[in-house]
Amino acid sequence: MNLSYTIYPSGCLNINSLSINILKEVFTLLTAFKSYFLMKAEALAELAVTDDERKTVISLCNVTYKRATMEMDSLEYADYPSMDAVKAMVLQERQRELCFEGKRWYDLLRKVRREGATAGAYALLEKAYAREVSTYKARLSNPEAWYLPISLTEMNANTQLHQNSYYAMKEQ
């Protein structure tokens, strides 16, 4: 088999008429890479009890933080003397790294579920969304409103699906 390829300035690679957008694939891998480290840090922060485990969480967050700051800054162990401080740092790092990737809402939902209360999420929302905070508080106060409605197309394709009760009430 003859292998022919062309690389275009746009970042696309064409191999035997198969077109691959290299830049898109690299971006996807980098996004998955940082998500992996931050998910692991979040999970370990919930389980960690020793100083060594706290150091591990900080070093996992440093993978993304140092990359973003081009090694000019780092998260220091001394700045996070308690596990509560480490947990807050992980949540803040996830906010910085993943803010435009549609994952922030799920960070807040995990926080609400872990804490069993919405007060901590309200405080975070008030900082970022002062004008819309009442809307978010209304949504967070009702667990049925936490997730988007199921698409009508999906419900028509699968008759076993039932609309989330929050949205089912809105439709009536």
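In case you missed it, the structure is sitting above this.
All residue numbers refer to positions counted from 1 along the written sequence of the respective chain. Residue-level local features of this predicted model are given only where pLDDT is at least 70; pairs of side-chain atoms are given and counted only at 80 or more, and the full residue set underlies all totals for whole chains, interfaces and linings. Hydrogens are left out, water is left out, and the side-chain values use all remaining heavy atoms of the structure.

**A look at the overall build of the chain**
Counting its secondary structure elements, the chain contains eight helices and three strands. Listed N to C, the secondary structure of the chain is β-β-β-α-α-α-α-α-α-α-α in terms of helices and strands. Any two residues whose heavy atoms approach within 4.5 Å at even a single point are treated as in contact. Across the chain, the fraction of contacts at a sequence separation of at least 24, relative to all contacts at a separation of at least 6, is 39%. In this description a helix means any DSSP run of H or I spanning at least four residues, a strand means any run of E spanning at least two, and both kinds are numbered starting from the N terminus.

**Observations concerning the layout of surface pockets**
For each structure, a 1 Å grid was placed over the protein atoms alone; sets of points admitting a 1.4 Å probe that cannot get out are labelled cavities, open sets with protein on both sides within 12 Å along at least five of seven lines are labelled pockets, and lining residues have an atom within 4 Å of a point. Grid points are joined across faces, edges and corners, and a volume is the space filled by probe spheres set on the points. Taken as a whole, the largest pocket holds about 650 Å³ of empty space. L91, Q95, R104, L108 and L124 are the residues nearest the centre of the largest pocket, which is lined by 26 residues in total. Broken down by secondary-structure element, the contributors of at least two residues to the lining of the largest pocket are α1 (22-47), α3 (83-98), α4 (104-115) and α5 (119-128). Note that Gly is not counted as nonpolar here; it falls among the polar residues with everything else outside the nonpolar set of Ala, Val, Leu, Ile, Met, Phe, Trp, Tyr, Cys and Pro and the charged set of Asp, Glu, Lys and Arg. When grouped by side-chain class, the residues that make up the lining of the largest pocket number 13 nonpolar, four polar and nine charged.

**Digging into the environment of L161**
Here L161 lies in the loop between α7 (152-157) and α8 (165-171). Sequence separation of L161 and I150 is 11 residues, and the distance between their C-alpha atoms is 8.3 Å. With sequence-adjacent residues up to four places away left out, L161 is seen in contact with I150, E154 and M155.

Geometric descriptors of this kind do not, in isolation, establish any biological role.
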